[in-house]
Amino acid sequence: SLQNTQRAERVKLPAREYFSAGERYSAQGKLSAAAEAFYNVIMLGESDYSESATLNYATISYKIKHYGDAIKAFETLTLIASSDNNIKEAKLGIMRSCFRAMRYERALEAANDVITMYPDEEEIVMEAKFIKGKSLIVTGNGVERNRVLSEVPVRLRTTYEKEVKR
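Criteria and thresholds
Residues numbered from 1 in each chain as written. Predicted model: local features only at pLDDT ≥ 70, side-chain atom pairs only at ≥ 80, totals over all residues. Heavy atoms only, no water. Helix = DSSP H or I, 4+ residues; strand = E, 2+ residues; numbered from the N terminus. Contact = heavy atoms within 4.5 Å. Areas by Shrake-Rupley, 256 points an atom, 1.4 Å probe, with all protein chains shown as cover. Phe/Tyr/Trp six-rings, centres within 6.5 Å; stacked < 30°, edge-to-face > 60°. Buried < 20%, exposed > 50% of the residue type's maximum accessible area, 1.4 Å probe, protein only. Expected span 1.5 Å × (residues − 1). Arc of directions from axis to C-beta. Axes fitted to C-alpha atoms, helices over the stretch in contact; angles between N-to-C directions. Parallel < 35°, antiparallel > 145°, perpendicular 65-115°, else oblique. Left-handed = near helix turned anticlockwise from the far one by under 90°. Nonpolar A, V, L, I, M, F, W, Y, C, P; charged D, E, K, R; others polar. Core = buried A, V, L, I, M, F, W, Y, C linked by side-chain atoms within 4.5 Å. Salt bridge = Lys/Arg side-chain N within 4 Å of Asp/Glu carboxyl O.

S.K.: Help me get a handle on the overall build of the protein chain, residues and values and all.
M.R.: Secondary structure assignment for the protein chain yields nine helices and zero strands. For the protein chain, the succession of helices and strands along the chain, N to C, is α-α-α-α-α-α-α-α-α. If you take every contact in the protein chain between residues at least 6 apart in sequence, the share linking residues at least 24 apart comes to 47%. By element, 50% of the accessible surface of the protein chain is carried by carbon and sulfur atoms, the whole surface being about 9600 Å².

What follows is the structure, given as C-alpha coordinates:
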(Lines give C-alpha, C1' and ligand atoms only; values in the text may rest on other atoms or scores of the structure.)
Protein backbone atom coordinates (compact mmCIF):
# COMPACT_ATOMS: atom_id res chain seq x y z
CA SER A 1 0.00 0.00 0.00
CA LEU A 2 1.02 3.63 -0.41
CA GLN A 3 1.11 4.09 3.37
CA ASN A 4 3.57 1.19 3.83
CA THR A 5 5.75 2.51 1.00
CA GLN A 6 5.87 5.97 2.60
CA ARG A 7 6.75 4.48 5.99
CA ALA A 8 9.51 2.39 4.41
CA GLU A 9 10.99 5.50 2.79
CA ARG A 10 10.91 7.39 6.12
CA VAL A 11 12.66 4.49 7.88
CA LYS A 12 15.25 3.97 5.14
CA LEU A 13 16.92 7.37 5.45
CA PRO A 14 17.44 7.38 9.24
CA ALA A 15 18.42 3.69 9.14
CA ARG A 16 21.16 4.45 6.62
CA GLU A 17 22.33 7.45 8.66
CA TYR A 18 22.44 5.50 11.92
CA PHE A 19 24.16 2.58 10.20
CA SER A 20 26.82 4.87 8.71
CA ALA A 21 27.35 6.47 12.11
CA GLY A 22 27.74 3.02 13.65
CA GLU A 23 30.39 2.11 11.10
CA ARG A 24 32.26 5.40 11.70
CA TYR A 25 32.18 5.01 15.49
CA SER A 26 33.29 1.40 15.19
CA ALA A 27 36.24 2.36 12.96
CA GLN A 28 37.23 5.00 15.53
CA GLY A 29 37.12 2.43 18.34
CA LYS A 30 34.10 4.14 19.96
CA LEU A 31 32.33 0.85 20.51
CA SER A 32 29.60 1.97 22.91
CA ALA A 33 28.56 4.76 20.52
CA ALA A 34 28.70 2.31 17.61
CA ALA A 35 26.52 -0.18 19.48
CA GLU A 36 23.98 2.56 20.21
CA ALA A 37 23.86 3.61 16.54
CA PHE A 38 23.36 0.02 15.37
CA TYR A 39 20.71 -0.48 18.06
CA ASN A 40 18.85 2.55 16.68
CA VAL A 41 18.77 0.87 13.25
CA ILE A 42 17.30 -2.25 14.86
CA MET A 43 14.68 -0.21 16.75
CA LEU A 44 13.52 1.48 13.54
CA GLY A 45 12.25 -1.89 12.40
CA GLU A 46 12.68 -3.57 9.07
CA SER A 47 15.09 -1.91 6.70
CA ASP A 48 17.82 -2.94 4.29
CA TYR A 49 20.23 -2.50 7.19
CA SER A 50 18.50 -4.60 9.86
CA GLU A 51 20.47 -7.83 9.44
CA SER A 52 23.88 -6.14 9.27
CA ALA A 53 23.01 -3.80 12.14
CA THR A 54 21.91 -6.75 14.28
CA LEU A 55 25.15 -8.64 13.57
CA ASN A 56 27.24 -5.54 14.28
CA TYR A 57 25.33 -4.74 17.48
CA ALA A 58 25.67 -8.33 18.70
CA THR A 59 29.39 -8.48 17.89
CA ILE A 60 30.14 -5.14 19.56
CA SER A 61 28.01 -6.03 22.60
CA TYR A 62 30.10 -9.18 23.00
CA LYS A 63 33.36 -7.22 22.64
CA ILE A 64 32.35 -4.72 25.32
CA LYS A 65 31.20 -7.56 27.57
CA HIS A 66 27.48 -6.79 27.44
CA TYR A 67 26.76 -10.49 27.10
CA GLY A 68 23.02 -10.32 27.80
CA ASP A 69 22.56 -7.82 24.96
CA ALA A 70 24.80 -9.93 22.73
CA ILE A 71 22.75 -13.06 23.42
CA LYS A 72 19.47 -11.32 22.55
CA ALA A 73 20.92 -9.81 19.37
CA PHE A 74 22.52 -13.08 18.22
CA GLU A 75 19.22 -14.89 18.91
CA THR A 76 17.39 -12.29 16.81
CA LEU A 77 19.98 -12.73 14.08
CA THR A 78 19.22 -16.47 13.90
CA LEU A 79 15.63 -15.51 13.05
CA ILE A 80 16.31 -12.79 10.47
CA ALA A 81 19.60 -13.88 8.86
CA SER A 82 19.39 -14.46 5.13
CA SER A 83 22.94 -15.80 4.72
CA ASP A 84 24.37 -19.05 6.03
CA ASN A 85 27.42 -17.15 7.25
CA ASN A 86 25.32 -14.83 9.43
CA ILE A 87 23.42 -17.81 10.82
CA LYS A 88 26.75 -19.42 11.71
CA GLU A 89 27.98 -16.17 13.32
CA ALA A 90 24.75 -16.04 15.32
CA LYS A 91 25.07 -19.64 16.53
CA LEU A 92 28.70 -19.11 17.54
CA GLY A 93 27.83 -15.79 19.17
CA ILE A 94 25.08 -17.34 21.26
CA MET A 95 27.43 -20.12 22.39
CA ARG A 96 30.28 -17.74 23.28
CA SER A 97 28.05 -15.12 24.90
CA CYS A 98 26.17 -17.63 27.04
CA PHE A 99 29.46 -19.12 28.21
CA ARG A 100 30.91 -15.71 29.06
CA ALA A 101 27.66 -14.72 30.81
CA MET A 102 27.98 -17.89 32.91
CA ARG A 103 24.70 -19.25 31.57
CA TYR A 104 26.23 -22.69 31.37
CA GLU A 105 23.09 -24.75 30.69
CA ARG A 106 22.35 -22.54 27.67
CA ALA A 107 26.03 -22.54 26.61
CA LEU A 108 25.93 -26.34 26.69
CA GLU A 109 22.84 -26.40 24.45
CA ALA A 110 24.40 -23.88 22.08
CA ALA A 111 27.66 -25.85 21.91
CA ASN A 112 25.75 -29.02 21.06
CA ASP A 113 23.89 -27.07 18.38
CA VAL A 114 27.17 -25.83 16.86
CA ILE A 115 28.71 -29.32 16.92
CA THR A 116 25.62 -30.74 15.18
CA MET A 117 25.34 -27.98 12.58
CA TYR A 118 29.02 -27.68 11.62
CA PRO A 119 30.54 -31.16 12.11
CA ASP A 120 33.08 -30.72 9.29
CA GLU A 121 34.52 -27.44 10.60
CA GLU A 122 37.18 -28.68 12.98
CA GLU A 123 38.15 -25.35 14.53
CA ILE A 124 34.54 -24.50 15.35
CA VAL A 125 33.85 -28.00 16.68
CA MET A 126 36.93 -27.85 18.93
CA GLU A 127 35.86 -24.50 20.39
CA ALA A 128 32.33 -25.86 20.93
CA LYS A 129 33.71 -28.96 22.66
CA PHE A 130 35.86 -26.77 24.88
CA ILE A 131 32.85 -24.67 25.88
CA LYS A 132 30.78 -27.81 26.31
CA GLY A 133 33.46 -29.40 28.52
CA LYS A 134 33.88 -26.29 30.67
CA SER A 135 30.11 -25.91 30.98
CA LEU A 136 29.82 -29.53 32.08
CA ILE A 137 32.20 -28.75 34.97
CA VAL A 138 29.67 -26.27 36.34
CA THR A 139 26.59 -28.32 35.53
CA GLY A 140 28.12 -31.28 37.34
CA ASN A 141 28.80 -33.99 34.77
CA GLY A 142 32.50 -34.73 35.39
CA VAL A 143 32.70 -37.98 33.43
CA GLU A 144 31.21 -36.42 30.30
CA ARG A 145 33.39 -33.33 30.83
CA ASN A 146 36.59 -35.38 30.86
CA ARG A 147 35.57 -37.23 27.70
CA VAL A 148 34.67 -34.05 25.83
CA LEU A 149 37.76 -32.09 26.91
CA SER A 150 40.03 -35.01 26.02
CA GLU A 151 38.87 -34.55 22.40
CA VAL A 152 40.22 -30.98 22.34
CA PRO A 153 43.97 -30.85 21.61
CA VAL A 154 46.04 -29.39 24.47
CA ARG A 155 47.35 -26.51 22.31
CA LEU A 156 43.76 -25.43 21.57
CA ARG A 157 42.68 -25.82 25.19
CA THR A 158 45.53 -23.47 26.17
CA THR A 159 44.46 -20.93 23.53
CA TYR A 160 40.81 -21.06 24.64
CA GLU A 161 41.79 -20.80 28.32
CA LYS A 162 43.71 -17.58 27.58
CA GLU A 163 40.73 -16.23 25.62
CA VAL A 164 38.33 -16.98 28.50
CA LYS A 165 40.55 -15.13 30.98
CA ARG A 166 40.47 -11.86 28.97
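After that view, the rundown keeps rolling.
S.K.: Which residues make up the packing of aromatic side chains, and what are the values?
M.R.: Counted according to the given criterion, the structure contains five aromatic pairs. Both rings, one in Y39 and one in Y57, keep their centres 5.3 Å apart while their planes meet at 45°; by these two values the pair is tilted. Highlighted residues: Y39 in helix α2 (residues 31-43) and Y57 in helix α3 (residues 50-63), separated in sequence by 18 residues. The exposure class assigned to Y57 is buried, which follows from its relative accessible area of 11%. On the numbers, 5.8 Å between centres and 75° between planes, the contact of F99 with Y104 is edge-to-face. Side by side, F99 and Y104 carry an identical accessibility label, which is buried.

S.K.: Which residues make up helix α6 (residues 104-117), and what are the values?
M.R.: Taking 1.5 Å per residue as the helical rise, α6 with its 14 residues ought to reach 20 Å, and the 20 Å between its terminal C-alpha atoms agrees with that figure. Taken residue by residue, α6 has Y104, A107, L108, A110, A111 and V114 as its buried positions. Axial view of α6: buried residues confined to an arc of 165°, hence all on one face. Facing away from the buried side of α6 by more than 90 degrees, the exposed set consists of E105 and T116. Each element contacted by the buried residues of α6 is listed here: α5 (84-100) and α7 (122-139).

S.K.: Please set out the packing of α5 against α7 residue by residue, giving values where relevant.
M.R.: Two elements in contact, α5 and α7, have axes whose closest approach is 10 Å; the angle formed by their N-to-C orientations is 25°. The angle between α5 and α7 falls in the class roughly parallel. For the pair α5 and α7, the sense of crossing is left-handed. Side by side, α5 and α7 meet where K88, L92, M95, R96 and F99 of the first sit next to I124, E127, A128, I131, K134 and S135 of the second. Residue classes in the contact of α5 with α7 are distributed as six nonpolar, one polar and four charged.

S.K.: Please set out the nonpolar core residue by residue, giving values where relevant.
M.R.: Of all hydrophobic cores here, the largest spans 37 residues; its most connected members are F38, F74, M95, V114 and I131. Those elements that place two or more of their residues in this core are α1 (2-27), α2, α3, α4 (67-80), α5, α6 and α7.

S.K.: Account for unusual backbone geometry, naming residues and giving values.
M.R.: Phi is positive for K65, which is not a glycine, with a value near 65°. Tracing the sequence through the fold places K65 in the loop between α3 and α4.

S.K.: Which residues make up the pattern of salt bridges, and what values go with them?
M.R.: This model, assessed by the stated rule, comprises five salt bridges. For E75, the salt bridge identified is with R106, shortest N-O distance 3.5 Å. Linking E75 in helix α4 with R106 in helix α6, this pair joins segments that are 31 residues apart in sequence. Residue classification places E75 among the partly exposed positions, given a relative accessible area of 30%. With relative accessibility at 30%, the residue R106 sits in the partly exposed group. The partner of R106 in a salt bridge is E109, and the shortest N-O contact between them spans 3.8 Å. Of the two residues, R106 and E109 are both situated in helix α6; the distance of three residues between them amounts to about one turn of the helix. With a relative accessible area of 48%, E109 lands in the partly exposed category.

Note that all results are geometric; they support no functional claim without further evidence.
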